[in-house]
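# Structural overview for review
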Amino acid sequence: MNRRKFLEKSTLSTAGILSTPLIAGERQGLESGNSPNPSSIDLKPIVIATWDVPNATEKAWSVLQNGGSALDAVEQGVRIEEADENNQSVGKGGRPDRDGNVTLDACIMDKDSNCGSVVYLQNIAHPISVARKVMEETPHVILAGKGAEQFAYSQGFEKEELLTEKSKQEWLQWKKTAQYRPVINIENHDTIGMLAIDGNGDIAGACTTSGMAYKIAGRVGDSPIIGAGLFVDNEVGGATATGVGEEVIRTVGSFLVVELMRQGKSPQEACRTAVQRIIEKNKDKLDFQIGFIAINRNGETGGFCIHPGFSYRVYSGKGHKNNPSSSYLAK
Ligand code: SD4
């Protein structure tokens, strides 16, 4: 219980603002614009992303500033992380499964609830762009494995080796013990989920990952599953997730966050309630991380996670900032 100081009983409650008490760091969220009283606020355009990924949000912001759509912004933004070989959780350079194969998952969703997804995609460095092609060029939502790869080639994507020497060496090291133990807040940049509102007030989202390191071959996480790793409803807002995907899928996490916002919760409250749902299902085994971020139609943002250490980047007319997320557990 040392770490598991459940702070819900703390005295951080803010009278009249939240129906349940605030927890670790949440006051900060409120101060940075997450108050559920948005009527006078106009923070659009805006982009937010899981983790501290300034290059990705910078790219998305430049698309929005040039009058680009939220859809273009999120695709271009997350491509920055997919291309970064030093980010070992996304795209090229991602950690492989336990057989040494890098398999990528990604999805994208637009203002009209169109969506596209690829799962278990190999040899293609930009799964998010393949997901967009699935959305725009096929009658389907999800393509998997070899079929997704063949489709990518048909759309002009090139075959690439995704396993870098660094990730290969780490995998070889891992094989000596071969213990599957997902690390909490690995490297402080993980799956990239990004949400944007453009100058027209339209919302889009993207989510891309190499999944859990050393997963069983064939495993697919939450990130390419619409409603789990990502969900957008232009009437309400959007949400995206990072962390152990199995837990996010079990609660259809991002859909839950958006539905909670539809019921009137602020992005911050909605993320917190969704994390609490996961916690209720797991009681005393909170040895994993989940983080949600969300945005509503007014451009208000929020984020909440289980373990401290998760953060999300916000880029709006008010500036470019990394926000440490409020967490359920204390440090
Ligand atoms: C997954 N949610 O595949 C992703 C991976 C992740 O921390 O976010 N890792 O389950």
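Worth saying up front: this structure is predicted, and the values here are computed from it rather than measured.

### Side note on the site of the ligand
As a structural note, the neighbourhood of the ligand is formed by Asp190, Thr191, Thr209, Gly211, Met212, Arg219, Gly221, Asp222, Ser223, Thr242, Gly243 and Gly245. In the environment of the ligand, an oxygen atom lies 2.6 Å from a nitrogen or oxygen atom belonging to the side chain of Arg219. Within the complex, 96% of the 290 Å² of free accessible area of the ligand lies under protein. By residue class, the composition of the shell around the ligand is one nonpolar, eight polar and three charged.

### Some thoughts on the packing of aromatic side chains
For the coordinates displayed, the defined rule picks out four aromatic pairs. Considering the side-chain rings of Trp174 and Tyr214, the 4.6 Å spacing of their centres and the 20 degrees angle between planes classify their relative orientation as stacked. Here Tyr214 lies in the loop between strand S6 (203-209) and strand S7 (230-233) and Trp174 lies in helix H6 (residues 165-175), a separation of 40 residues in the sequence. Across this residue pair, the class does not change: Trp174 and Tyr214 are buried. Between Phe231 and Phe255 the ring centres are 4.9 Å apart and the planes differ by 85 degrees, which places this aromatic pair in the edge-to-face class. Of this pair, Phe231 sits in strand S7 while Phe255 is found in helix H8 (residues 253-262), placing the two residues 24 residues apart along the sequence. Exposure remark for Phe255: the relative accessible area of 35% places this residue in the partly exposed category.

### Considering the nonpolar core
Nonpolar side chains tend toward joint burial in soluble globular proteins. Counting residues in each nonpolar core, the largest one holds 81 residues, and the members touching the most others are Val257 and Phe292. Broken down by element, the residue count for this core peaks at six residues, all from helix H9 (residues 267-282). Ranked by size, the runner-up nonpolar core spans five residues in total, among them Val102, Ala125, Leu162 and Leu163.

### Side note on the confidence of the model for the protein chain
The predicted model of the protein chain has a mean per-residue pLDDT of 87, with 85% of residues at 70 or higher. Long-range and interchain partners of residues 1-22, a stretch whose pLDDT sits below 50, account for 46 contacts in this model, where long-range means more than four residues apart.

### A closer look at the pairing of strand S3 (residues 115-121)
Taking burial as the measure, the seven residues of S3 include six buried ones, the bulk of the element. Two elements, strand S2 (residues 104-109) and S3, share five bridges in a ladder whose sense is antiparallel. Across the sheet, Leu104 pairs through a bridge with Leu121, a residue of S3. Counting the residues in the hairpin turn of S2 and S3 gives five residues, including Ser113, whose phi is positive at 65 degrees.

### What to know about helix H3 (residues 70-83)
The periodicity of an α-helix, 3.6 residues per turn, causes residues three or four places apart in sequence to face the same way. Between its terminal C-alpha atoms H3 stretches 20 Å, which fits the 20 Å expected from 14 residues at 1.5 Å a residue. Of the residues making up H3, those classed as buried are Ala70, Leu71, Ala73, Val74, Glu75, Gly77, Val78, Glu81 and Glu82. Each element contacted by the buried residues of H3 is listed here: helix H2 (54-65), S2, helix H4 (127-137), strand S5 (192-197) and S6.

### A few points about the sheet that holds S7
Here we have five strands laid out as an open sheet, ordered S7-S8-S9-S10-S13, and mixed in their pairing. With partners counted over all chains shown, the strands left at the sheet margins are S7 and strand S13 (326-327), one partner each. The sheet contact formed by strand S9 (residues 290-296) and strand S10 (residues 301-305) spans five bridges and is antiparallel. Paired with Gly291 across the strands is Cys305, a residue of S10. H8 contacts S7, strand S8 (237-243) and S9 of the sheet and is inclined by roughly 145 degrees relative to S8. Helix-sheet contacts for H9 involve S9, S10 and S13, and the interaxial angle to S10 is about 20 degrees.

The rules behind the values
- Residues numbered from 1 in each chain as written.
- Predicted model: local features only at pLDDT ≥ 70, side-chain atom pairs only at ≥ 80, totals over all residues.
- Heavy atoms only, no water.
- Near = heavy atom within 4 Å.
- Polar contact = N/O pair within 3.5 Å; in protein donor to acceptor, adjacent residues only side chain to side chain.
- Areas by Shrake-Rupley, 256 points an atom, 1.4 Å probe, with all protein chains shown as cover.
- Nonpolar A, V, L, I, M, F, W, Y, C, P; charged D, E, K, R; others polar.
- Phe/Tyr/Trp six-rings, centres within 6.5 Å; stacked < 30°, edge-to-face > 60°.
- Helix = DSSP H or I, 4+ residues; strand = E, 2+ residues; numbered from the N terminus.
- Buried < 20%, exposed > 50% of the residue type's maximum accessible area, 1.4 Å probe, protein only.
- Core = buried A, V, L, I, M, F, W, Y, C linked by side-chain atoms within 4.5 Å.
- pLDDT = per-residue confidence, 0-100.
- Contact = heavy atoms within 4.5 Å.
- Pairing = 2+ DSSP bridges.
- Expected span 1.5 Å × (residues − 1).
- Axes fitted to C-alpha atoms, helices over the stretch in contact; angles between N-to-C directions.

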